[in-house]
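Structure assessment
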Amino acid sequence: MDLPTVWFILIAVLWTGYFFLEGFDFGVGVLTKLLARDRAERRVLINTIGPVWDGNEVWLLTAGGATFAAFPDWYATLFSGFYLPLLAILICLIVRGVAFEYRAKRPEERWQRNWEHAIFWSSALPAFLWGVAFANIVRGVPIGADKEYAGNLFDLLSPYALLGGAVTLTLFTLHGAVFTALKTVGDIRERARRLATGLGVLVAVLAAAFLGWTQVNDGGMAPLVAMVAAVVALVAALVANGRGREGWAFTFSGVVIVAAVAQLFLSLFPDVMPSSLNPEWSLTAQNAASSPYTLTIMTWCAAIATPVVLLYQGWTYWVFRKRIGTQHIAPDPHSAPSTQAAAEPGRG
C-alpha cells in the first residue's frame, strides 16, 4: 500500500474519530433545548461534556492539519470552495466554547439564557453543516482543470447535500441522547432514553434514504457492507436503549457513525474531491498528495504521537466516568464555571 493511500485511510480515521466524539457533544448541546426542562437540568447536560468537549475538538484540528500536510491540493480546493460553510462552522465552534465558559460567570437569568441559546445554535448548525460538506465531497462539486472550485454557495445546497445535513444533525442528536442516558441519573436519564427511541426512528428513515442514495450513485461492495453495518448497529442501539443498556446503546450508536463515515470514504476513494464538470479534473489520492518524503516523515510522527494521544484521552474519559444528576448541582449557579463544576462528580 502506497503512502497516499495510507494517509487517505488515516485522514478517514481522524474524521471518524471526530464525528464519533464531537457528535455526542453536538447532540448534548442540541438537547439543552429539546430535553432539559429547567436550568438545573441544562447544567447537568452541559456538565456531562464539560471535561471532554475541548479534547474532542482536537480531532478536528488534527484532521485539518493532516489534510493540509498530506494532501495540500485537497485542502486548498476544499477550504476555498467551502469557505462560507466552514467559516460558519468555525464561528460556531468559537461561540460554543465561549458559551460553555461564560454562561456561569454571572447569575442573571437573561445572561445565562442568552448563552444557553448560543450553546444550542452553535451545536445544531455545525452538526448540520458537516453533513452538507461531506455529502458534497462525496457527490462531487464543480472543479476546473486548474484544481480550483468553479461553483458558488448555491451549488453546495443540492437536495442530496441537505439530506446529508439532516442525517448528521439527527444522528448526532441521537448519539447525544444515548450519551446523556449513559451519564445521568434520575428522571432526565429516563427521558433521554425515550427521546433516543423517537430520534432513532427518524434517523433510520433519513439515513436509509441518504446512504441508499450514496450507494446507488457511488457505491461498490465495500460501501455496501459499511451501509449494512450501519443499519444493523442502529437497530442494535435502539434495542439496547429500550432495555436500559446505555453502555451498549452508546457503543452501537457510535458504530452507526463509524460505519456511515466509512461508507462515505469508501465511496469516495480513490478520489478525494470528485469534479462534477469532468471526471479527469477530479482530485485523487495520488494527484493531490504531498511528496513521498513529506508523507514518510508524517508517518513516523503519527506512529509515535497517536498512541500517546489515545491513551491520554482514554484516561480522561475514565476519570470522568461517573453519572451525575440534579442533586450534584450546586444551588448557586455563579459558584463555578461549567467546566470546573463538571469535574466534581468524576473525582469519586
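Basis of the calculations
- Residues numbered from 1 in each chain as written.
- Predicted model: local features only at pLDDT ≥ 70, side-chain atom pairs only at ≥ 80, totals over all residues.
- Heavy atoms only, no water.
- Helix = DSSP H or I, 4+ residues; strand = E, 2+ residues; numbered from the N terminus.
- Rg over C-alpha atoms; globule rule 2.2 N^0.38 Å.
- Buried < 20%, exposed > 50% of the residue type's maximum accessible area, 1.4 Å probe, protein only.
- Contact = heavy atoms within 4.5 Å.
- Areas by Shrake-Rupley, 256 points an atom, 1.4 Å probe, with all protein chains shown as cover.
- Core = buried A, V, L, I, M, F, W, Y, C linked by side-chain atoms within 4.5 Å.
- Expected span 1.5 Å × (residues − 1).
- Phe/Tyr/Trp six-rings, centres within 6.5 Å; stacked < 30°, edge-to-face > 60°.
- Lys NZ or Arg CZ within 6 Å of the ring centre and 35° of its normal.
- Axes fitted to C-alpha atoms, helices over the stretch in contact; angles between N-to-C directions.
- Parallel < 35°, antiparallel > 145°, perpendicular 65-115°, else oblique.
- Left-handed = near helix turned anticlockwise from the far one by under 90°.
- Nonpolar A, V, L, I, M, F, W, Y, C, P; charged D, E, K, R; others polar.
- pLDDT = per-residue confidence, 0-100.
- Salt bridge = Lys/Arg side-chain N within 4 Å of Asp/Glu carboxyl O.

Here we take up the overall build of the protein. Each helix and strand in the protein was counted, giving 12 helices and 2 strands. Secondary structure elements of the protein occur, N-terminal to C-terminal, as α-α-α-α-α-α-α-α-α-α-β-β-α-α. Relative to the globule expectation of 20 Å for 348 residues, the C-alpha radius of gyration of the protein, 20 Å, shows essentially globular dimensions. For the protein, the proportion of its 348 residues judged to be buried stands at 51%. For the protein, restricting intrachain contacts to residue pairs at least 6 apart in sequence, the fraction spanning at least 24 positions comes to 81%. Counting only carbon and sulfur atoms, one obtains 69% of the accessible surface of the protein, whose full area is about 15,500 Å².

The topology assignment puts T184 in the loop between α7 (159–183) and α8 (187–218). Taking the relative accessible area as the measure of exposure, T184 reaches 0% and is therefore buried.

Turning our attention to the environment of L234. In this structure, L234 sits in helix α9 (residues 221–242). Excluding anything up to four places from it in sequence, L234 contacts L174, G200, V203, A204 and V256.

As a further point, take the nonpolar core. W15 and W130 are the most contacted members of the largest nonpolar core, which has 94 residues in total. Among the elements that line this core, the one with the most residues is helix α1 (residues 3–34), at 13 residues.

It is worth spelling out α7 at this point. Spanning 25 residues, α7 covers 36 Å between terminal C-alpha atoms, matching the ideal 36 Å at 1.5 Å per step. Counting buried positions along α7 gives 20 out of 25 residues, so the element sits mostly inside the fold.

We now examine the packing of aromatic side chains. All told, the structure shown has 31 aromatic pairs when counted by the stated rule. Considering the side-chain rings of F120 and W121, the 4.9 Å spacing of their centres and the 80° angle between planes classify their relative orientation as edge-to-face. Since its relative accessible area comes to 58%, W121 is described here as exposed. Here the aromatic cluster, defined as three or more aromatic residues joined through ring pairs, consists of F8, W15, Y18, F19, F26, W130, F134, F172, F265 and F269. Looking at R139, its charged tip hangs above the ring of Y160, at a distance of 5.1 Å from the centre. Against the face of W318 rests R321, its NZ or CZ located 4.0 Å from the ring centre.

Here we come to the packing of helix α6 (residues 109–139) against α8. Close contact between α6 and α8 brings their axes to 11 Å; oriented N to C, the two are set at 15°. Classed by the angle they form, the pair α6 and α8 counts as roughly parallel. Every pair of crossing elements has a handedness; the one defined by α6 and α8 is left-handed. For the pair α6 and α8, the contacting residues are A135, V138 and R139 in the first and F210, W213, T214, N217 and D218 in the second. Its residues placed into classes, the contact of α6 with α8 shows 4 nonpolar, 2 polar and 2 charged.

Before going further, it helps to spend a moment on the confidence of the model for the protein. Of the residues in the protein, 93% have a pLDDT of 70 or more, and the chain-wide mean is 88. Confidence scores differ between elements of the protein, with helix α12 (residues 338–343) showing the lowest mean pLDDT of 41 and α7 the highest of 94. The low-confidence segment residues 333–348, where pLDDT is below 50, has 34 contacts with residues more than four positions distant or belonging to other chains.

Here the focus is the environment of R37. Position of R37 relative to the elements: it lies in the loop between α1 and α2 (39–49). It is 23 Å that separates the C-alpha atoms of R37 and P51, two residues lying 14 residues apart in sequence. Sequence-distant contacts of R37, that is, excluding residues within four places in its chain, are made with D187 and R191.

What follows deals with unusual backbone geometry. Here the residue pair F269 and P270 is connected by a cis peptide bond, since its omega of 10° sits within 30 degrees of zero. Tracing the backbone through its elements, the reader meets P270 in the loop between α10 (246–268) and β1 (271–273). Positive phi, close to 70°, is recorded for K147, a residue that is not glycine.

On inspection of all chains with the given rule, the structure shows 14 salt bridges. For the salt bridge of R113 with E109, the shortest nitrogen-to-oxygen distance reads 3.7 Å. Of this pair, R113 and E109 both sit in helix α6, separated by 4 residues, roughly a single helical turn. Note on R113: relative accessible area 32%, which makes it partly exposed. Among the salt bridges present, the one from E246 reaches R189, with a minimum N-O distance of 2.8 Å. With a gap of 57 residues between them, E246 in helix α10 and R189 in helix α8 connect regions that are remote in the sequence. The exposure class assigned to E246 is buried, which follows from its relative accessible area of 3%. Bridged by salt links that share partners, the residues R37, E41, D187 and R191 form one connected network.

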